[in-house]
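# Summary of the model geometry
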Amino acid sequence: MTRYYGEHSKVFVSVDCIVFGFDQDQLKLLIGKRQMDPGRGEWSLYGGFVREDESLEEAANRTLYTLTGLREIYMRQVGAFGAIDRDPGERVITVAYCALINVKDYDDELRKEHGVEWVSLNQLPKLYSDHNEMVAKAVHQLRRRINSEPLSFNLLPDLFTLTQLQHVYEAILGEEIDKRNFRKRIKSIDFIEKTEHIDKVTSKRGAVLYRFNKKMFALDSTFRL
């Protein structure tokens, strides 16, 4: 690659991954203790530097795959963070990405290998540098999009109960939802399909299981909850 701009100072570019999961009726975040200086031992998001031969999105996908072993998962850019003193080691500009995964799809051995843990948002510790700011911005974006994008289905198994779906909405919004109105609205949405399967594990009485029909959703451009 031809080298230009030699008269300008160089900065590092990194990506940080804000990985959300839903477990025990709570929205949880995947974090771990930082294993490098500066900030060794501090709670942190999982991230890495962008290589010369990859785009930002490719770097984020690579980082997410290394962490989770999962491909084709929901990922959305949250924003760029470039405060001059955000990293005491070097001048580092980072671009944060939000990912949503089903906790049960994540190999627990891989989680242990990377030394990361699922932590509830309401018990989130102080994170390295500006990582708490990144998480807050990601949550704000999820709350803004939850009623116009099918985000919740990325956090659930393929088959789910209406109670589980409602709890996902409540966990993201941070507030209770009226059960009757929620179910009435959900049952009017074509791409949320009722199946013949019954959940007898999480429901004592046995609850009907539903699924998200991606093909039907692709035909529905007016989704609002």
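How each quantity is defined
- Residues numbered from 1 in each chain as written.
- Predicted model: local features only at pLDDT ≥ 70, side-chain atom pairs only at ≥ 80, totals over all residues.
- Heavy atoms only, no water.
- Buried < 20%, exposed > 50% of the residue type's maximum accessible area, 1.4 Å probe, protein only.
- Helix = DSSP H or I, 4+ residues; strand = E, 2+ residues; numbered from the N terminus.
- Pairing = 2+ DSSP bridges.
- Salt bridge = Lys/Arg side-chain N within 4 Å of Asp/Glu carboxyl O.
- Polar contact = N/O pair within 3.5 Å; in protein donor to acceptor, adjacent residues only side chain to side chain.
- Contact = heavy atoms within 4.5 Å.
- Phe/Tyr/Trp six-rings, centres within 6.5 Å; stacked < 30°, edge-to-face > 60°.
- Lys NZ or Arg CZ within 6 Å of the ring centre and 35° of its normal.
- Patch = residues over 30% accessible without salt bridge, like charges linked within 9 Å, V, L, I, M, F, W, Y side chains within 5 Å.
- Areas by Shrake-Rupley, 256 points an atom, 1.4 Å probe, with all protein chains shown as cover.
- Axes fitted to C-alpha atoms, helices over the stretch in contact; angles between N-to-C directions.
- Parallel < 35°, antiparallel > 145°, perpendicular 65-115°, else oblique.
- Nonpolar A, V, L, I, M, F, W, Y, C, P; charged D, E, K, R; others polar.

This part takes up the pairing of strand E7 (residues 116–120). The buried count for E7 comes to four of five residues, which makes it a mostly enclosed element. In this sheet, E7 lies alongside strand E2 (residues 26–33) in antiparallel orientation, the contact comprising five bridges. Opposite Leu-30, over in E7, you have Trp-118 as the bridge partner.

Tallied over the entire structure, the rule returns 10 salt bridges. Between Asp-108 and Lys-112 there is a salt bridge; the shortest N-O distance is 3.9 Å. Of the two residues, Asp-108 and Lys-112 are both situated in helix H2 (residues 108–114); the distance of four residues between them amounts to about one turn of the helix. Look at Lys-112 and you get partly exposed, because its relative accessible area is 49%. Linked through salt bridges whose partners overlap, the residues forming this network are Asp-108, Glu-109, Arg-111 and Lys-112.

In this section: the side chain of Ser-44. Considering the arrangement of structural elements, one finds Ser-44 in strand E3 (residues 43–44). A distance of 3.4 Å separates a polar atom in the side chain of Ser-44 from a polar atom in the side chain of His-131. Ser-44 has contacts with Ile-31, Gly-32, Arg-34, Leu-127, Tyr-128 and His-131, leaving out every residue within four places of it along the chain.

The next point concerns the packing of aromatic side chains. This structure, assessed with the given rule, holds nine aromatic pairs. Here Phe-153 and Phe-160 contribute two aromatic rings whose centre-to-centre distance is 5.6 Å and whose plane-to-plane angle is 40 degrees, an arrangement assigned as tilted. Measuring from centroid to centroid gives 4.4 Å for Phe-153 and Phe-212, while their planes differ by 5 degrees, and the two rings are stacked. Taken as a pair, Phe-153 in the loop between helix H3 (131–145) and helix H4 (162–173) and Phe-212 in strand E9 (residues 207–212) lie far apart in primary sequence, 59 residues in all. The pair Phe-153 / Phe-212 is uniform in exposure class, with both members buried. Three or more aromatic residues joined by ring pairs form one cluster here, namely Phe-153, Phe-160, Phe-191, Phe-212 and Phe-217. The aromatic ring of Tyr-128 is capped on one face by Arg-34, whose charged end is 4.0 Å from the ring centroid. The ring of Tyr-65 carries the charged tip of Arg-71 above its face, separated from the ring centre by 3.7 Å.

Here the focus is unusual backbone geometry. Residue Pro-38 is bonded to the preceding Asp-37 through a cis peptide linkage, with omega at -5 degrees. We note that Gln-24 has phi near 55 degrees; this positive angle belongs to a residue other than glycine. Along the chain, Gln-24 turns up in the loop between strand E1 (12–23) and E2. A residue is classified by how much of its surface remains accessible, and Gln-24, at 59% relative accessible area, is exposed. You will see that Asp-25, though not glycine, has its phi angle at about 65 degrees, which is positive. Following the sequence through the fold, Asp-25 ends up in the loop between E1 and E2. By relative accessible area, Asp-25 is classed as partly exposed at 45%.

With that settled, consider a nonpolar patch on the surface. A contiguous nonpolar surface patch, about 190 Å² in accessible area, is contributed by Val-11, Val-13 and Leu-56. Along the chain, the position of Leu-56 falls in helix H1 (residues 56–68). What makes Leu-56 partly exposed here is its relative accessible area of 32%.

Interhelical geometry of H4 versus helix H5 (residues 179–186) gives an angle of 110 degrees and a closest axis separation of 11 Å. The pairing of H4 with H5 is recorded here as roughly perpendicular in orientation. Here Leu-162, Thr-163, Leu-165, Gln-166 and Tyr-169 of H4 lie close against H5, whose contacting residues are Lys-179, Phe-182, Arg-183 and Ile-186. Of the residues that constitute the contact of H4 with H5, the class distribution is five nonpolar, two polar and two charged.

Structural measurements only, silent on function.
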